[in-house]
Structures are given as C-alpha cells and as structure tokens.
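# Summary of the model geometry
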Amino acid sequence: MTVTLADVAARAQVSPATVSRVLNGNYPVAATTRERVLKAVDELDYVLNGPASALAAATSDLVGILVNDIADPFFGIMASAIQAEIGGPGGRAGGERLAVVCNTGGSPERELTYLTLLQRQRAAAVVLTGGAIEDAPHKAAMDAKLRKLADAGTRVVLCGRPQAPETGAIALTFDNRGGGRELTEHLIGLGHRRLGYIAGPQERTTTRHRLEGHRDALAAHGIEDDPRWTVHGRYDRRSGYEATLELLRRDPSLTAVVAANDSVALGACAALRDSGLRIPDEVSVAGFDDLPFSIDVVPALTTVRLPLAEAGARAGRIAMGREEEPPGGIASVRGELMVRGSTAGPRG
C-alpha cells in the first residue's frame, strides 16, 4: 500500500502541513520536530512526489550519477563520459536530460540518501560508479533501494561496480582481480620476489579484488605473501607516500612496490625519491587505472589501463536505452597492462 503524507504526519505526531514544510524546506521548523518527521519518513520509506512536471510521466528528465570523489580523475572521467551520452530523444525539453552528479565522499549513509532523493524525483536513470562498500547491512539497504528504483521505472546501471543480483540493475564490472594478477605477474617475470603492496580501504570491493589478483600471482609462483609487505590506506597520493615509508621501515630490502591505483603510485614514487632510492634502478613501482598523468610522470608509470571513458559512455547509453543490455545483465570490462619506464628487473 502506498504511504501517504498523512501516514507520515500520524507517525511523527504532527500535522500534514508540518510534514510538507519539512520536506520542502520552505518554512522554519523546530529542529526536534524536523528530526521526528525525517525519522518517520525513513521508517515508512515515504517517497515525496517530485516536481509537477514529473508527475505526468513515469519518470522525469533527471539522471543521477553517483561518484565517490568527483575530484578524483577515476570518477571524473567516467562521470563526464556518462553525461555526454545522456542527451537525446526522450526528454521533454528539447530532448535533453539533466545530469546531477552526486558526490558521496565514500559515505554509505550519503550514498543511500542520494538514492532516496533521486527516487523522490522520479529519476529516469541512475548510474553508480566505482566499487561498492563491503558491509552486509549496507548492502541489504542498497539492494532494497535499487529494487525500488527499478520497480518505479528508473533504469539503474552499475559502472565499475560488482553485480547486484535481483535488483534489476545492469552491471559493467571491471576485472580488477585479473588486472591485479597480470600486473604482479609482470613484476615477477622481471625477477622481483620481494614486492610491497599498498592496498586501498579494506571495506571497498575494488580493494579486495585487486589485492586478490596480486596474491593469486604470488601463489602461482610459490612466493610468500609476507603480511609485512601489505599496507592499507586511502586511494590518494598522501596515503601512497606514507604507506611506502612504512613498507620501507618494515623491510628495506623490497625491490618493487605495487600501488592500489595511480594516485597512490605517485605518492610511492615521491617517498622513494625522498628516501634516496632510484626508480626503477633500485625499486620498481606500478599503479592501476592508467589515469591521464601516468604517462607524463618521470619515469612513466607501468599500470593497468581501465577504459574508464569507454565504460562510462556505454553505461550512459544503456541508462538511456540506446544500447542493448549485456546478456544476463552483466558485462566484464577487462584492463590492459601498460608497461612503461617505472618497472625493470631488480639489481643483482
């Protein structure tokens, strides 16, 4: 049964007018009253009607693009490519769609909040980019929210994120595990046996898959996975710098550092230089993603290229119904090893 404004008012023990004021934000309401109303909205999963122009149709002209950090080129490239594809037939104002980029900052709560807001606005499509958070309660809440969006007619596409079965979402998943294995295989092939690994945040699926690929390669060659050789941190340059110093403190004899992504690899390179170590003569460095700056650093960075722009564009076309869904609702996007000057065989 559809939840009404009156139901929310009854749950919060306020008038329907007060609920309307809280949800529209157009009139001062006491903080305690506002919190009571919002709690009732969440408990009842009440969805506010979107703009009047959206009420005449199943969905509006709005498209939501969720990113972890728009300042990170990984997300910026995908978001730009998605937005470039969402115009065209279907919108009522000249065939255009309004793209709204929602920056979650990696917050699970904000991710759910944005999806609720997009549901209220009857978004035509929602594209979620990047890895998912590995937390069972959050995953259950996300799956429920994605199902509600899909059931309401919103097309949901996951770009660079694992499949969410039984939600109606289409998934373009990145083969992070395969890319991680290929990258480490390259270093092992050069003769490296003491490899430090800078992993991303432990709660992210991308982190786990890339680290699993690295460990697959070590195991295939009978190389010990020494716990001292793995450090977790954020997906940014500063984290790479600090983690590399920690790896060197733990084991100064490391001959290679594998970074969770290219930004982390930049920090690793800086830390090695500041420690008086030459790249790749004394320590090799490898990244992941092949972000635009990777080829211009000195030495150019060995990395795994993910086709971020191509994947984003495809996600945009699928979201707008201009490209067929992949078989089974899922497609794996493979990376490509880019061998450059930051890796070489170990000395001696």
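- Going by the annotation in an unreviewed UniProt entry, the name recorded for the protein is LacI family transcriptional regulator, with Streptomyces caelestis given as the source organism.

### Overview of the confidence of the model for the protein
- Here the protein shows a mean pLDDT of 90. Residues at 70 or above account for 92%.
- Ignoring residues within four places in sequence, the model shows residues 50–58, a span with pLDDT below 50, making 16 contacts including any to other chains.
- Between residues 89–94, whose pLDDT stays under 50, and residues either more than four places distant or in other chains, the model counts 13 contacts.

### Examining the packing of helix H8 (residues 176–189) against helix H9 (residues 205–220)
- H9 packs onto H8 with a crossing angle of 40° between their chain directions and a minimal axis gap of 7 Å. Our classification of the angle between H8 and H9 gives oblique. Two packed elements cross with a definite hand, and for H8 against H9 that hand is right-handed. Here Asn 176, Arg 177, Gly 180, Arg 181, Thr 184, Glu 185 and Ile 188 of H8 lie close against H9, whose contacting residues are Thr 206, His 209, Arg 210, Glu 212, Gly 213, His 214, Asp 216, Ala 217, Leu 218 and Ala 220.
- Among the residues making up the contact of H8 with H9, the classes are represented as four nonpolar, seven polar and six charged.

### Observations regarding helix H12 (residues 308–319)
- For H12, built from 12 residues, the straight-helix expectation of 16 Å at 1.5 Å per residue is met to within 8% by its first-to-last C-alpha distance of 16 Å.
- Buried within H12 we find Leu 308, Ala 311, Gly 312, Ala 313, Ala 315, Gly 316, Ile 318 and Ala 319.
- Those residues of H12 that are buried are in contact with helix H5 (73–85), strand S3 (125–129), strand S4 (155–159) and strand S5 (170–174).
- Taken from the residues just after H12, Gly 321 is the one with a positive phi, measuring 75°.

### What about the sheet that holds S4?
- On the basis of which strands lie adjacent, the open sheet formed by six strands has the order S2-S1-S3-S4-S5-S11 and parallel pairing. For this open sheet the edge positions go to strand S2 (98–103) and strand S11 (330–333), each flanked by a neighbour on one side alone. Across this sheet, the average inter-strand angle for adjacent strands is 15°, counted without regard to direction.
- Strand direction decides the pairing type here: strand S1 (residues 62–67) and S3, joined by four bridges, are parallel. In the strand pairing of S3, Gly 64 is matched with Val 126.
- Those strands touched by H12 are S3, S4, S5 and S11, and its axis lies near 170° from that of S4.

### Some thoughts on the sheet that holds strand S9 (residues 284–286)
- The four strands are arranged S7-S6-S8-S9 in an open sheet whose pairing can be described as parallel. Among the strands making up the open sheet, the edge pair consists of strand S7 (230–232) and S9. Within this sheet the neighbouring strands show an average axis-to-axis angle of 15°, counted without direction.
- Pairing geometry for strand S8 (residues 256–259) and S9, over three bridges, is parallel.

About the thresholds
Residues numbered from 1 in each chain as written. Predicted model: local features only at pLDDT ≥ 70, side-chain atom pairs only at ≥ 80, totals over all residues. Heavy atoms only, no water. pLDDT = per-residue confidence, 0-100. Contact = heavy atoms within 4.5 Å. Axes fitted to C-alpha atoms, helices over the stretch in contact; angles between N-to-C directions. Helix = DSSP H or I, 4+ residues; strand = E, 2+ residues; numbered from the N terminus. Parallel < 35°, antiparallel > 145°, perpendicular 65-115°, else oblique. Left-handed = near helix turned anticlockwise from the far one by under 90°. Nonpolar A, V, L, I, M, F, W, Y, C, P; charged D, E, K, R; others polar. Expected span 1.5 Å × (residues − 1). Buried < 20%, exposed > 50% of the residue type's maximum accessible area, 1.4 Å probe, protein only. Pairing = 2+ DSSP bridges.

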